[in-house]
Each structure stands twice: as C-alpha cells, then as structure tokens.
Amino acid sequence: MSRWPDLSRRKFLTVAAALMGAGGLARSAEEKPARRRVLRLAHLTDVHLQPEKQAAEGFAKCLAHVQSQPDKPDLILFGGDNIMDSFDQTKDRTRIQWELWHRVLKSDCSLPYLSCIGNHDVWGWGKKSGASPEEPGYGKAWAVEELRLPKRYFAVEKAGWKFIILDSTHVGDSRHGYLGKLDDEQFDWLAAELKATPKDKPILILSHIPILAACVFLDGNNEKTGDWVVPGSWMHIDTRKLTALFHQSGNVKVCLSGHTHMVDEVNYLGTTYYCDGAVSGAWWGGKYHQFGEGYALIDLYDDGTTSREFVTYGWEAKKS
Ligand SMILES: [Zn+2]
C-alpha cells in the first residue's frame with residue numbers, strides 16, 4: 001500500500017517543492033518533532049543477595065557493568081527480592097543478608113537508587129522464621145528501614161515524570177503464602193495520586209510482582225493440567241481493577257516489575273508493562289528458562305514514551 005494514498009508521486013513532489021521553496025523549514029505532514037530523552041534508568045530486580053553461590057561477587061559485577069555503560073544510567077531502580085530471603089528466615093540470617101546488601105552497595109555502587117519491596121524482603125511471615133508480629137522489624141518494617149524508604153509505598157518526581165513505587169506483597173490465603181495485590185489503603189492512595197497528577201505528566205510505576213505479564217503463562221504446568229494456571233502470587237490478582245484505574249487516568253505510561261525472573265513486554269490500554277528478568281538469573285544457579293543473569297536499561301522520554309533493553313552482564317553461575 002502506498003504511504004501517500006491520496007497524493008500521486010508527482011503531486012507530492014510538487015507540494016514538497018512548494019513547501020521547501022516557501023522557506024526551507026517546512027516539514028512533511030508526517031514528521032513529528034524529535035522526542036527528547038529525559039532519564040536513563042537501570043532496573044535491577046531479584047538480586048536475591050546471599051553469602052552463598054558468590055552472589056555478592058555477581059551483584060558487584062552487575063553494578064560495575066551498569067556503571068561502565070558507555071551511555072551511563074542516571075538512576076538505579078531495585079525491583080525487590082533484593083536479598084535471598086527473609087520471609088522464612090530467622091532474625092540472624094536476615095541480618096546477615098542485609099549487612100551484605102549494604103556492604104556491596106557501599107563498595108560498588110556510586111549511582112543514586114530507589115527500591116521497592118519484594119516478597120522475599122518481608123520478614124517473618126513464613127512459619128520457619130520463628131518471628132512474632134510483636135517483634136520490631138516484623139513484616140515490611142525491616143525492609144523499609146534497610147532500603148531507606150519513606151514508606152512501604154510512595155511517589156517521587158523525576159525529570160518531568162512521576163514515579164510511583166508500590167508494595168505488592170500481601171498476606172495470602174490458605175493456598176498462598178502471599179498474594180500480589182494492593183491493600184485498600186494503598187489502592188485509595190494510588191487513585192488519589194493519579195487524580196492529582198496533571199494529565200500531561202507521564203507516570204512510571206514500579207512494583208515487585210507484575211501487574212500484568214505474559215511470561216507468567218509460561219511458568220506453570222499447563223501441559224499437565226490442561227489449563228493456564230497463574231497463581232495470585234505470580235501476578236497481581238487485582239489486575240482488572242488496576243488496569244481500569246490506569247485507563248481512566250490515561251497517563252500511566254509504563255509499569256516495571258520483577259519477580260518472574262523472565263523478560264517480556266505487554267502493552268494493554270496504552271500502558272506498557274515490562275518484566276525485567278533477574279540479576280540472579282535462576283537464584284544464582286544459571287539461566288531461568290531462556291533468561292540469563294541481567295538487568296534492564298530503560299529510557300524515558302519527554303513525550304511519555306519509553307524504550308527498554310535487557311542486558312546480560314556475563315555472569316557464570318557458581319556451584320557453591
Ligand atoms: Zn519475588
């Protein structure tokens with residue numbers, strides 16, 4: 001099909017010549033002003049830092065890779081599951097992992113960063129932790145402190161964009177240790193935050209558990225069950241409510257997540273959803289499905305568009 005259905009080539013050339021002759025500055029009808037990049041992010045999710053499997057060395061290598069990019073990012077977003085696990089771990093084991101987290105960041109990270117909380121960053125919800133809800137740091141309080149968050153969910157302004165950091169891990173039911181969703185208080189806050197944001201300001205949302213993803217369908221055992229099985233702990237169970245809210249708002253341009261250790265891109269109702277793999281690959285044991293240890297470089301533009309590139313950093317899994 002012709003790109004110019006209502007103009008013959010001859011007529012088009014005549015029009016173009018006339019426009020150019022009129023001052024040399026005229027643009028063709030299809031040409032738009034170039035978008036301008038306003039921020040470059042590195043999204044590092046699912047680090048699962050632990051003393052074993054040389055994870056600290058791997059994390060340091062990943063940070064060095066990010067910081068030696070020829071087109072260096074301005075900011076790192078940590079996508080949660082920053083430590084291997086505190087959900088089911090004792091206080092001592094949890095403390096060891098957070099200390100390691102700070103040690104690596106102090107020696108190997110000179111970029112500013114923001115983080116959200118992952119399910120494995122929540123302390124004590126699992127029975128094996130031996131923790132009680134009365135203890136200081138129980139649940140998300142410890143992670144909020146270690147990750148230097150103002151609150152378990154919050155919003156900040158960056159380079160003309162609004163960043164909304166969500167807390168997507170919630171107490172589960174009899175079938176799930178936890179569920180991906182927003183509690184009512186957080187949902188109401190999010191709705192108010194979107195309403196208060198000018199329509200011309202693009203919004204980025206960071207959550208640990210994906211709000212919407214395609215890869216989750218490829219992580220179950222559908223061949224055996226004859227059904228696509230996507231538990232509410234793999235992807236937000238309140239996706240319908242959230243996508244309706246984003247559609248109504250109109251300026252939620254991109255949602256970033258981790259949790260799946262897989263990489264995909266979904267566009268739904270004008271919002272792009274990126275799952276950005278895992279720094280740890282398969283928990284420092286090699287690739288997970290087809291995805292090696294890596295992170296995403298994400299460019300944000302002034303017109304609300306984005307681009308994403310998933311990059312591996314050359315890590316080879318160690319045995320111990
Ligand atoms: Zn997770």
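Scroll up for the structure.
I will try to describe carefully the structure that is included in this document. (Residues numbered from 1 in each chain as written. Predicted model: local features only at pLDDT ≥ 70, side-chain atom pairs only at ≥ 80, totals over all residues. Heavy atoms only, no water.)

**Section: the packing of helix α5 (residues 184-196) against helix α7 (residues 239-249)**
At their nearest, the axes of α5 and α7 sit 10 Å apart, and the two run at 15° to each other. It follows that α5 is roughly parallel to α7 by the angle criterion. Seen along the crossing, α5 lies across α7 with a hand that is right-handed. From α5, Asp184, Phe187, Leu190, Ala191 and Leu194 reach across to α7, where they touch Lys241, Leu242, Leu245, Phe246 and Ser249. Looking at the contact of α5 with α7 residue by residue, the classes come out as seven nonpolar, one polar and two charged. (Axes fitted to C-alpha atoms, helices over the stretch in contact; angles between N-to-C directions. Helix = DSSP H or I, 4+ residues; strand = E, 2+ residues; numbered from the N terminus. Parallel < 35°, antiparallel > 145°, perpendicular 65-115°, else oblique. Left-handed = near helix turned anticlockwise from the far one by under 90°. Contact = heavy atoms within 4.5 Å. Nonpolar A, V, L, I, M, F, W, Y, C, P; charged D, E, K, R; others polar.)

**Side note on the side chain of Asn82**
In this fold, Asn82 is placed in the loop between β2 (75-78) and α3 (91-108). In terms of polar contacts, Asn82 uses its side chain to reach the backbone amide nitrogen of Gly80, at 3.4 Å. Apart from residues lying up to four places away in sequence, Asn82 is in contact with Val47, His48, Leu49, Trp101, Ser115, Cys116, Asp121 and Leu147. (Polar contact = N/O pair within 3.5 Å; in protein donor to acceptor, adjacent residues only side chain to side chain.)

**What about the nonpolar core?**
Within the largest apolar cluster, 57 residues are counted, with the highest numbers of intra-cluster contacts made by Leu44, Phe59, Trp101, Phe163 and Leu204. Among the elements that take part in this core, helix α2 (residues 55-67) stands out by supplying six residues, more than any other. Beyond its immediate stretch of four places on either side in the chain, Phe163 contacts Leu39, Leu41, Leu75, Leu77, Leu114, Phe154, Ala155, Val156, Lys158, Leu204 and Leu300. Residues Ile211, Leu212, Cys275 and Ala282 belong to the second largest nonpolar core, which totals 25 residues. (Core = buried A, V, L, I, M, F, W, Y, C linked by side-chain atoms within 4.5 Å. Buried < 20%, exposed > 50% of the residue type's maximum accessible area, 1.4 Å probe, protein only.)

**What to know about the sheet that holds strand β1 (residues 37-44)**
Read across the sheet, five strands follow the order β3-β2-β1-β12-β13 without closing on themselves; strand pairing throughout is mixed. The two strands at the open ends of the sheet, each matched to only one other strand, are β3 (113-115) and β13 (306-312). Sheet twist, expressed as the mean angle between neighbouring strand axes with direction ignored, is 25°. Here seven bridges tie strand β12 (residues 294-301) to β13, and the two strands are oriented antiparallel to one another. Looking at the pairing, Ile298 lines up with Arg308 of β13. The strands touched by α2 within the sheet are β1, β2, β12 and β13, with β1 carrying the most contacts at an inclination of about 165°. (Pairing = 2+ DSSP bridges.)

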